[in-house]
Amino acid sequence: MREEADPVEALVHQLSRLPGIGERTALRLAFHLLQAPPALAEEIGSTLVEVRRSVVSCRVCGVLTRQDPCRICSDGKRDDRVLCVVETTSDVAAIERTGMFRGRYHVLQGSLRPLEGRGPESLNLGTLGARVAGGVEEVILATAPSVEGDATAMYIAELLKELPSRVTRLATGLPIGGDLEVADRATLGRALSKRDAFRW
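An account of the accompanying structure is given in this report. (Residues numbered from 1 in each chain as written. Predicted model: local features only at pLDDT ≥ 70, side-chain atom pairs only at ≥ 80, totals over all residues. Heavy atoms only, no water.)

The next subject is the layout of surface pockets. Estimated volume of the largest pocket: approximately 340 Å³. Lining the largest pocket are 17 residues, with E87, T88, R113, D179 and E181 sitting closest to its centre. Within the lining of the largest pocket, the residues separate by chemical class into three nonpolar, six polar and eight charged. (1 Å grid on protein atoms, 1.4 Å probe; cavity = no way out; pocket = protein on both sides within 12 Å on 5 of 7 lines; lining within 4 Å. Points joined across faces, edges and corners; volume = space filled by probe spheres on them. Nonpolar A, V, L, I, M, F, W, Y, C, P; charged D, E, K, R; others polar.)

Right, dumping it as structure tokens:
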């Protein structure tokens, strides 16, 4: 007869699958949940179910949102001539916190990671060309300053090279190997304002 998996080990395993959560942190979180009043685990569980049920990808830009189209795509005061391409919804939030960008977004929902089986078909690229061709004058490639982010930016720049839009990349100042969501406000704002033309 097969021995059932230990429920605590199963919880630690599931928590450690989250980005930025190692096994030690997952173990600490698991024991915190077990020692806390049962209502805490129930509230977290019901909130997760509700979020998964009510949050969708914006059909225009791909950002995770409760309204479709999202509030940014619905905002008539945004600049349609500038399109910022980012990897995730958290990158949109990071750029919005700077208060320096009033254009539109396109969320890729990831980056190219061939070793993990994530190729171009896994990214939200289907409508990008049409959006850019619809009057966008500048495309800002705001992927993470990492090997995967650079590869993704190069791939998108190649896709868009026949279009008349100017393609730029966030300026240096962001840490190599870092993610936009953890960059401080001043660094990200400076990188956004000092962006350079993308070079193949």
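Turning our eyes to something else, we now look at the nonpolar core. Ranked by internal contacts, the top residues of the largest apolar core, which has 22 residues, are C84, V86, I95, F101 and Y105. Contributions of two or more residues to this core are made by α4 (71-74), β3 (79-86), α5 (89-98), β4 (103-107) and α8 (185-193). Look past the residues within four positions of C84 in its chain and what remains in contact with it is I95, F101, R104, Y105, H106, I140 and A142. In this structure, V85, L108, V132 and V139 belong to the second largest nonpolar core, which totals 17 residues. (Core = buried A, V, L, I, M, F, W, Y, C linked by side-chain atoms within 4.5 Å. Buried < 20%, exposed > 50% of the residue type's maximum accessible area, 1.4 Å probe, protein only. Helix = DSSP H or I, 4+ residues; strand = E, 2+ residues; numbered from the N terminus. Contact = heavy atoms within 4.5 Å.)

With that settled, the discussion passes to the pattern of salt bridges. In the structure shown here, the tally under the stated rule is eleven salt bridges. Linking R59 and D68 is a salt bridge whose minimum nitrogen-to-oxygen distance equals 3.4 Å. A salt bridge links R78 to E96, with the nearest nitrogen and oxygen atoms 2.9 Å apart. Residue R78 is located in the loop between α4 and β3, and its partner E96 is located in helix α5; the two are separated by 18 residues in the primary sequence. A relative accessible area of 5% places R78 in the buried class. On the accessibility criterion, E96 (21% relative accessible area) is partly exposed. Beyond isolated ion pairs, a larger network of salt bridges with shared partners links E50, R53 and R66. (Salt bridge = Lys/Arg side-chain N within 4 Å of Asp/Glu carboxyl O.)

With that out of the way, let us pick up the sheet that holds β3. The mixed open sheet is built from five strands, whose spatial order is β4-β3-β5-β6-β7. A single partner strand is all that each edge strand has here, and the edge strands are β4 and β7 (196-197). As judged from the four bridges shared by β3 and strand β5 (residues 138-141), these two strands associate in the parallel manner. When the sheet's bridge partners are listed, V85 is paired in β5 with L141. Lying on the sheet, α5 is in contact with β3 and β4; it crosses β4 at an angle near 160°. Its contacts with the sheet place helix α7 (residues 147-160) against β3, β5 and β6 (166-169), and it is angled at close to 175° to β6. (Pairing = 2+ DSSP bridges. Axes fitted to C-alpha atoms, helices over the stretch in contact; angles between N-to-C directions.)

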